[in-house]
Amino acid sequence: MQDRMVLNKRLLELKEKRKAVILAHNYQLPEVQDAADYLGDSFELSRIAAQSTAEVIVFCGVHFMAEVAAILGPEKTVLLPDILAGCPMADMASAEGMREMKKQYPNAAVATYVNSSAAVKAESDICVTSANAVAVVNSLETDEIIFVPDQNLADYVARHTEKHIIPWAGCCPIHHRVSLEEVLAARKKHPGVPLMVHPECRPEIIDEADHVYSTGGMIRFGRETDHPKILVGTEMGLIYRLQKENPEKEFCLLSQGLVCPDMKYITLEKVVRALETLQPCITVPKHIRGPAARALERMLATV
Ligand code: 13P
Ligand code: SF4
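Predicted, not measured: the structure shown is a model, and the values here were computed from it. (Residues numbered from 1 in each chain as written. Chains lettered and ligands numbered in written order. Predicted model: local features only at pLDDT ≥ 70, side-chain atom pairs only at ≥ 80, totals over all residues. Heavy atoms only, no water.)

1. Let's talk about the overall build of the chain
Part 1: Scanning the chain from terminus to terminus reveals 15 helices and 12 strands.
Part 2: Referenced to the eigenvectors of the C-alpha coordinate spread, the extents of the chain come out at roughly 55 × 55 × 30 Å.
Part 3: For the chain, with 303 residues in total, the buried portion stands at 57%.
Part 4: Counting contacts in the chain only where the partners sit at least 6 residues apart, residues at least 24 apart contribute 62% of the total.
Part 5: Surface accessibility of the chain: about 13200 Å² in total, with carbon and sulfur atoms responsible for 52%.
Part 6: Across the chain, the 33 positively charged side chains and the 40 negatively charged ones have centroids separated by 5 Å. (Helix = DSSP H or I, 4+ residues; strand = E, 2+ residues; numbered from the N terminus. Buried < 20%, exposed > 50% of the residue type's maximum accessible area, 1.4 Å probe, protein only. Contact = heavy atoms within 4.5 Å. Areas by Shrake-Rupley, 256 points an atom, 1.4 Å probe, with all protein chains shown as cover. Lys, Arg positive; Asp, Glu negative; His and termini not counted. Charge placed at Lys NZ, Arg CZ, Asp CG, Glu CD.)

Structure representation (C-alpha cells):
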C-alpha cells in the first residue's frame, strides 16, 4: 500500500497530463471521495459527465455509471478503475427479457432506472434516476409504464402518479434487506430523530420514513435541516460526506447491513493506475449506444 500523499501527488500529475476529471459517487470510499473533482448521485454525475470538456473521465462508481458517461460522451475516454465494480440490480434485467415484456404490454412506454446495462437502456423510451423518477414518469404521455429494473422504486413512483406502473421484478440487494424490525429498533434508540431513506428500500420502510431522497437529495437535506441528528437509510458511504460537510450534526446509519461491496472496489491506488494505463476503458457498441443515448438524453431534457 503506497503512501496516501505520494498517491495524491501522482494523481495530480496524471490528471494534468491526461486532461482528466475524477467523478465519484456518494458511496465511494473516503480516500476516493477526497480525491474527486465532483461528488454526486447518479443524476448529478451523468449531467456533469455529459457537460465535461475533459478528455478522460475517471468514473469512481459502478459499471453502469461509467457506461452512462461513455454513452453520453463517446469521444471521451471513460475509465472505471476496477472493472469488477458492478451493480447486482443492473444485472437483474436483460434486453431479451424487456423485449418479451414489451410484447406483453404493447401500449406501454418503458421507463428504465439508470441502474441498468446499456443494452437494457437501448430497449427503453426514457431513463430515470432516483432523483427524478416521479417527474419523468409524470412527463410521459402514455398511461401505462413498464418500469425497469427496481420494483421498490417502481412502487414509490406508483404512489406519486396516476399512471399504471408495471414493475420489473428486480431490486437492490443492499437496500432491499433493510428490515422493518431494524427501523423500529432505530426509532426506539433515536426518538424524535428524522429518518431519510433511499427509494430502493422496500415499501414498508418507505411507509416508516419521514423523507425519501436520492443520495443527492439526502446531501441537501443534511445541509438544510435544523435537526442536530439524522437517521440515514442508504449505503454507508454517504455518511462520510454528510459528516464531513456538516461536522456539527450527527448522522446515524439505519442498518449495519447497508454496505455495497461493489462500491468499495475502487481505491485511490486503482484510480492512479487507471490514469497511468488508461485502463479499464469502458466503451459501448455503436448500435446500442445510439438508442441508449436517446433514452438518457430524453431524461436530461425533461428534468
Ligand atoms: P443515487 O442516484 O441516489 O445516488 O443512487 C444510486 C444507487 O446506486 C443507489 O443504490
Ligand atoms: Fe447497485 Fe444497490 Fe450497490 Fe446501488 S447500492 S450500486 S443499486 S447494488
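2. Side note on the nonpolar core
Part 1: Grouped together as the largest cluster of nonpolar side chains are 102 residues, with contacts concentrated most on Phe147, Val197 and Val232.
Part 2: If you tally residues by element for this core, the top one is helix H4 (residues 63-72), at eight residues.
Part 3: With residues near it in sequence (within four places) discarded, Val232 still touches Met196, Met218, Leu238, Ile239, Leu242, Phe251, Cys252, Leu253, Leu254 and Leu258.
Part 4: In terms of nonpolar packing, the next biggest core, distinct from the first, is built from 10 residues, Met98, Val110, Val120 and Ile166 among them. (Core = buried A, V, L, I, M, F, W, Y, C linked by side-chain atoms within 4.5 Å.)

3. Observations concerning the site of ligand 1
Part 1: For ligand 1, the full set of nearby residues is His25, Tyr27, Asp41, Ser42, Asn115, Ser130, His175, His198, Glu200, Ser214 and Thr215.
Part 2: Contact between ligand 1 and Ser42: an oxygen atom at 2.8 Å from a side-chain N or O atom of the residue.
Part 3: The separation between an oxygen atom of ligand 1 and a polar side-chain atom of Thr215 is 2.6 Å.
Part 4: Look at ligand 1: alone it shows 300 Å² of surface, and the protein chains cover 95% of it.
Part 5: Looking at the shell around ligand 1, its residues break down into one nonpolar, eight polar and two charged. (Near = heavy atom within 4 Å. Polar contact = N/O pair within 3.5 Å; in protein donor to acceptor, adjacent residues only side chain to side chain. Nonpolar A, V, L, I, M, F, W, Y, C, P; charged D, E, K, R; others polar.)

4. Regarding the site of ligand 2
Part 1: Around ligand 2, the neighbouring residues are Tyr27, Val62, Cys87, Pro88, Met89, Asn115, Cys172, Ile174, Glu200, Cys260 and Met263.
Part 2: Classifying every residue of the shell around ligand 2 gives nine nonpolar, one polar and one charged.

5. Overview of the environment of Ala122
Part 1: Assignment of secondary structure puts Ala122 in the loop between helix H6 (118-121) and strand E6 (126-128).
Part 2: Sequence-wise, Ala122 and Ala295 are 173 residues apart; in three dimensions their C-alpha atoms are separated by 7.2 Å.
Part 3: When sequence neighbours within four positions are dropped, the list of residues in contact with Ala122 reads Ile288, Pro291 and Ala292.

6. So, the pairing of strand E11 (residues 229-233)
Part 1: Counting buried positions along E11 yields four of five residues, so the element is predominantly enclosed.
Part 2: With three bridges joining them, strand E9 (residues 195-197) and E11 adopt parallel strand pairing. When the sheet's bridge partners are listed, Leu195 is paired in E11 with Leu231.
Part 3: Sheet analysis places E11 next to strand E12 (residues 250-253), joined by four bridges and oriented parallel. Residue pairing in the sheet places Leu231 in a bridge with Cys252 of E12.
Part 4: A crossover connection joins E11 to the parallel E12 through helix H13 (residues 237-245); in handedness this β-α-β unit is right-handed. (Pairing = 2+ DSSP bridges. Right-handed = clockwise from strand over helix to strand, strands pointing away.)

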